[in-house]
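What the coordinates show
Listed below are the residues making up each chain.
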Amino acid sequence: MDFVKSSKQKPRVLLVEDNPGDIRLTQEALKESEVEIILDVVSDGEQALDFLFKRNKFTDAIRPHIILLDLNLPKKNGIEVLKELKAHDSLKKIPVIVLTTSDADHDISKAYSFHANCYILKPVDFDDFAKVIRLIELFWFNTVQLPNE
Amino acid sequence: MSADLIPNKAFFDTYNEAVLIFSDKQQVIYINPAFTYLTGFGLQHPFEMQALSELLIPDTFEADGLFKNRAYLSFSKKDGALLKAKVSESDIVLSDQSKGKFYTFNLLPGLDVITGGERKFYELADASPAMIFLQDENEQAFYFNNSWLTYTGKTLKQQQNLLWKNLVHPDDIRILEDLAPTITRRKSYSFELRLKKSDGSYRNIFVISTPLLSEDRAFAGYMSSGLDITEVKEAQNQISQLSHALKQSTEELDQFTYVTSHDLQEPLRMITGYIQLIQKNIERGNLANLDEFMGFVLGGASRMQMLIADLLHLSRVTRKTAPFAAVNINDVIHVALSHLSKAVTAGKAEITCENMPTIMGDTYQLVSLFENLLENALKFRTLDTLSKITISAGQKDDKYIFQIKDNGIGIDYKFHKRIFAIFQRLHTQAEYEGTGIGLAVCKKIVERHGGEIWVESEPGKGSAFYFSIKNNS
């Protein structure tokens, strides 16, 4: 049974992305999907950790089911976020999908070394971008079983 | 005439070492039979006496006492073969009470009579570009070839009388001392040291020394040949410096290409993505968000433009370097501020500047440096507060230290290093626009001026950027 059918909750995604254009594109791409996905957005690495640890201005934050993580971020970069997240007993269970423009071997290798769950290149084309978002949704919310916290 | 002047002539006639006596007029007045036996010269004919004086190799043999005590002498036998001997000189009172000079000749072991073959050796040695010298079994040098003498600017005689080690650079004497055990074992050895040249300069000489053996295979000294390798060494140093610089610049370039392609792709993706989205929405008849989407397209384009302009600037700073000249920093700041006049007015900034020194540097780069730092001070200002920027300079050791201090938003300690790397940004575009190139440019410029750049800052307490510039004047 997939997540959407088995759970009464709406699927929640945390998008860690500093580029407003990408944020908006992701929102647009998600509009095309059949199920309603709740998207939270933070725009740098520190905010991402604050959100997940429910610190500072994010004390009311709700734990996401998956995280879409850009690598090139202000303040704390994506790798640093991964490192802290995957060292935490509970938060490490949240699948992290690295979604970035970097196709550099050392970025890919580093992301997986710090236990990224998958690594996806941002397509240049909007249709391809929408397709990637759709695939993420299909795979993580309609195919796999996610942990219950 | 002459023989009568010799006291104890009968003794010298039977003496088994070769003896030669000069008069006070520096003419040969006596040679004993042993000398005739050794050299082939006799005094039966006055012309032979004359010939003897002339045949003694002029550079090495003068009757002026220069080879007092023990010295070495090479001269021609009557048959043309070269003779090599140790010579001892002493004064002698002649029968008429005039003062003469008395010389005895001891043939060198292993090198005693220079036959035709050995003569060829000396000719060859003198024609060789290598610096060759010979030492006897007591390590005393008795022969130096032309190349050596040209290098040291000494005559053979002067060189024979001067310990050649006196020409070795004081710091390199220990190299010879370290070799002592090898020399005692009479093994071949090689070494490299600095040797004083005729012009007083020291050059690097590489020397190989091999033992000489006499006919009965006994150790007879060393033959050494040296080459001036100063230029080779300099070239080597230069190559290793260049290859180090090349490696560094290749690494920088790799990093640069990677980051650049990544950062240039970002706005391009925005342009392409949003144009497609607009197209799609138009096809669907959904015209609601077109303005907003168009904004992203234009934003991408202008960001692309900004990136390219900054990259060009960075490339210009590193590529188009001018030779250093005296630069008045007061003028530099004046020019930098004129470029920023808009921002200065917009930020309602109050800028105070001490009197600045004149330093050696690249004017264009220094303007860029101050412009970037001042631009940051103006950009990252505390909202609703009057920007206060102070520029000051001081001196520490051989460096000038400049400070640009603001009362802006400040920077957390953990970012104090990262901000100087290319494309590293602490803020989103929405908060503060920028490309992340400015401080990378500053770092490059400061490094080219032999200095360092750093920041002292705390969030909310303003920032003070410091950089040092080597004082070359």
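Please refer to the structure placed before this passage.
Residues numbered from 1 in each chain as written. Chains lettered and ligands numbered in written order. Predicted model: local features only at pLDDT ≥ 70, side-chain atom pairs only at ≥ 80, totals over all residues. Heavy atoms only, no water.

Things to note about the overall build of chain A
Rule in force here: Secondary structure elements are taken from DSSP: a helix is a run of H or I of four residues or more, a strand is a run of E of two residues or more, and numbering for both begins at the N terminus. Burial classes follow relative accessibility: with a 1.4 Å probe on protein chains only, a residue under 20% of its type's maximum area counts as buried, one over 50% as exposed, and anything between as partly exposed. Note on definitions: a residue-residue contact is assigned when non-hydrogen atoms from the two residues lie within 4.5 Å. Areas reported as accessible are Shrake-Rupley estimates using a 1.4 Å probe. Residue values count occlusion only from the protein chains shown.
Scanning chain A for helices and strands turns up 6 helices and 5 strands. Each helix (α) and strand (β) of chain A, taken in turn from the N terminus, gives the series α-β-α-β-α-β-α-β-α-β-α. Burial analysis of chain A (149 residues in total) assigns 58% to the buried set. If you take every contact in chain A between residues at least 6 apart in sequence, the share linking residues at least 24 apart comes to 67%. Put simply, chain A shows about 6900 Å² of open surface, and 50% of that area lies on carbon and sulfur atoms.

Notes on the sheet that holds strand β10 (residues 202-213) of chain B
All names here are of chain B. To keep it simple, the criterion reads: Being paired, for any two strands, means DSSP has found at least two bridges between them. Note on geometry: axes are lines fitted to C-alpha atoms, helical ones only across the stretch in contact, with angles between N-to-C directions running from 0 to 180 degrees.
Spatially, 5 strands are ordered β8-β7-β11-β10-β9 in an open sheet, and the strand pairing comes out antiparallel. Each edge of the sheet is formed by a strand with only one pairing partner; in this case those strands are β8 (141-144) and β9 (189-196). Each adjacent strand pair in this sheet contributes to an overall mean axis angle of 25 degrees, direction not counted. Sheet topology note: the β9/β10 ladder contains 8 bridges and is antiparallel. Paired with Tyr-189 across the bridge in β10 is Ser-209. Set on the sheet, helix α7 (residues 173-184) makes contact with β9 and β11 (219-228); between it and β9 the angle comes to about 150 degrees. Against the sheet, helix α8 (residues 230-283) makes contact with β9, β10 and β11, and its axis sits at roughly 125 degrees relative to β10, the strand it touches most.

Quick word on the interface of chain B and chain A
Condition: As a working definition, buried area equals the accessible area (1.4 Å probe) given up by two parts on being put together, with both sides summed. Here, a salt bridge means any side-chain nitrogen of Lys or Arg that lies within 4 Å of a carboxyl oxygen of Asp or Glu. Polar contact is the term for a pair of N or O atoms within 3.5 Å; when the atoms are in protein, one must be able to donate a hydrogen and the other to accept it, and sequence-neighboring residues count only if both atoms are side-chain atoms.
Facing 25 residues of chain B, the contacting portion of chain A comprises 31 residues. Taken together, both faces of the contact between chain B and chain A bury some 2400 Å²; the carbon and sulfur share is 49%. In terms of surface lost to chain A, no three residues of chain B exceed Tyr-258, His-262 and Arg-269 of chain B, which account for 23% of the buried area on that side. At the surface where chain B touches chain A, the tally comes to 6 salt bridges. For Glu-292 of chain B, the salt bridge identified is with Arg-24 of chain A, shortest N-O distance 2.4 Å. For the interface between chain B and chain A, the tally reads 10 residue pairs in polar contact (both at pLDDT 80 or more). Elements represented by at least two residues in the side of chain B that touches chain A include exactly α8 and α9 (290-319) of chain B. At 13 residues, α8 of chain B tops the list of elements feeding residues into the side of chain B that touches chain A.

Looking at the layout of surface pockets
Filter applied, for reference: In this analysis, the protein atoms alone were mapped onto a 1 Å grid. Cavities are point sets where a 1.4 Å probe fits without being able to get out; pockets are open sets with protein on both sides within 12 Å along at least five of seven lines; lining residues have an atom within 4 Å of a point. Grid points are joined across faces, edges and corners, and a volume is the space filled by probe spheres set on the points. Note: domain ranges come from an automatic or database domain assignment.
The volume enclosed by the largest pocket comes to roughly 1100 Å³. Taken together, 37 residues form the lining of the largest pocket, with Gln-255, Phe-256, Val-259, Ala-421 and Ile-422 of chain B sitting closest to its centre. Among the elements of the structure, α4 (78-85) and α5 (105-113) of chain A together with α8, α9 and α13 (438-448) of chain B are those that each provide at least two residues to the lining of the largest pocket. When residues of the lining of the largest pocket are assigned to domains, at least three fall in each of domain 3 (238-320) and domain 4 (322-473) of chain B. Volume-wise, the second largest pocket comes out at about 670 Å³.

Examining the side chain of Asp-172 of chain B
All names here are of chain B. Assignment of secondary structure puts Asp-172 in the loop between α6 (156-161) and α7. Judged by its relative accessible area of 5%, Asp-172 is buried. Polar side-chain contacts of Asp-172 include one of 2.7 Å to the backbone nitrogen of Arg-194. With sequence-adjacent residues up to four places away left out, Asp-172 is seen in contact with Leu-193 and Arg-194.

A word on the sheet that holds strand β15 (residues 388-396) of chain B
Residues and elements named next belong to chain B. The strand order β13-β15-β16-β18-β17 describes an open sheet built from 5 strands, whose pairing is mixed. The open sheet has two edge strands, β13 (350-353) and β17 (453-457), and neither has a second partner. Neighbour to neighbour, the strand axes of the sheet diverge by 20 degrees on average, direction disregarded. In terms of strand pairing, β13 meets β15 through 4 bridges, oriented parallel. If you follow Thr-352 over to β15, its bridge partner there is Thr-390.

Here's the deal with the packing of helix α2 (residues 20-31) of chain A against α9 of chain B
Put simply, the rule reads: Orientation is classified from the angle alone, with under 35 degrees giving roughly parallel, over 145 giving roughly antiparallel, 65 to 115 giving roughly perpendicular, and any other angle giving oblique. What makes a crossing left-handed is the near helix being turned counterclockwise from the far one by less than a right angle; a clockwise turn instead makes it right-handed. Think of it as three bins: nonpolar holds Ala, Val, Leu, Ile, Met, Phe, Trp, Tyr, Cys and Pro, charged holds Asp, Glu, Lys and Arg, and polar takes everything else, Gly as well.
For the pair α2 of chain A and α9 of chain B, interaxial distance at closest approach is 10 Å and the crossing angle is 140 degrees. When the axis of α2 of chain A is compared with that of α9 of chain B, the two are oblique. For the pair α2 of chain A and α9 of chain B, the crossing hand works out as left-handed. Facing α2 of chain A, whose interface residues are Pro-20, Gly-21, Arg-24 and Glu-28 of chain A, α9 of chain B presents Glu-292, Phe-293 and Phe-296 of chain B. Here the contact of α2 of chain A with α9 of chain B is built from residues that sort into 3 nonpolar, 1 polar and 3 charged.

Observations concerning the packing of aromatic side chains
Residues and elements named next belong to chain B. Which entries qualify depends on this criterion: Ring geometry is summarised as follows: Phe, Tyr and Trp rings, the Trp one being its six-membered ring, pair when their centres sit within 6.5 Å, and such pairs are stacked at plane angles under 30 degrees, edge-to-face over 60 and tilted between the two.
The final tally for this structure, using the stated rule, is 21 aromatic pairs over all chains. Taken together, a centroid distance of 5.9 Å and an interplanar angle of 20 degrees make the contact between Tyr-189 and Phe-191 stacked. Residue classification places Phe-191 among the buried residues on the basis of a relative accessible area of 5%. Their ring planes at 10 degrees and their centres at 5.5 Å tell us that Trp-454 and Tyr-466 sit as a pair that is stacked. Taken together, the positions of Trp-454 in strand β17 and Tyr-466 in strand β18 (residues 463-470) put the pair 12 residues apart, joining distant regions of the chain. Aromatic rings pair up to connect Phe-11, Phe-12, Tyr-15, Tyr-30 and Phe-102 into one cluster.

Quick notes on the nonpolar core
Here is the rule we go by: Residues belong to a common nonpolar core when they are buried Ala, Val, Leu, Ile, Met, Phe, Trp, Tyr or Cys residues joined through side-chain atoms within 4.5 Å.
Within the largest apolar cluster, 47 residues are counted, with the highest numbers of intra-cluster contacts made by Ile-329, Phe-370, Leu-373, Phe-402, Ile-419 and Phe-467 of chain B. Secondary structure elements with two or more residues in this core: α9, α10 (329-339), α12 (363-379), β15, β16 (399-405), α13, β17 and β18 of chain B. The element best represented in this core is α12 of chain B, accounting for 8 residues. Taken domain by domain, the makeup of this core includes at least three residues from each of domain 3 (238-320) and domain 4 (322-473) of chain B. Leave out the neighbours within four places in its chain, and Ile-329 of chain B touches Met-356, Pro-357, Ile-359, Leu-366, Phe-370 and Phe-402 of chain B. Formed by 33 residues, the second largest nonpolar core is a distinct cluster that contains Leu-25 and Ile-97 of chain A together with Met-270 and Ile-278 of chain B.

The values are spatial; any link to function lies outside them.
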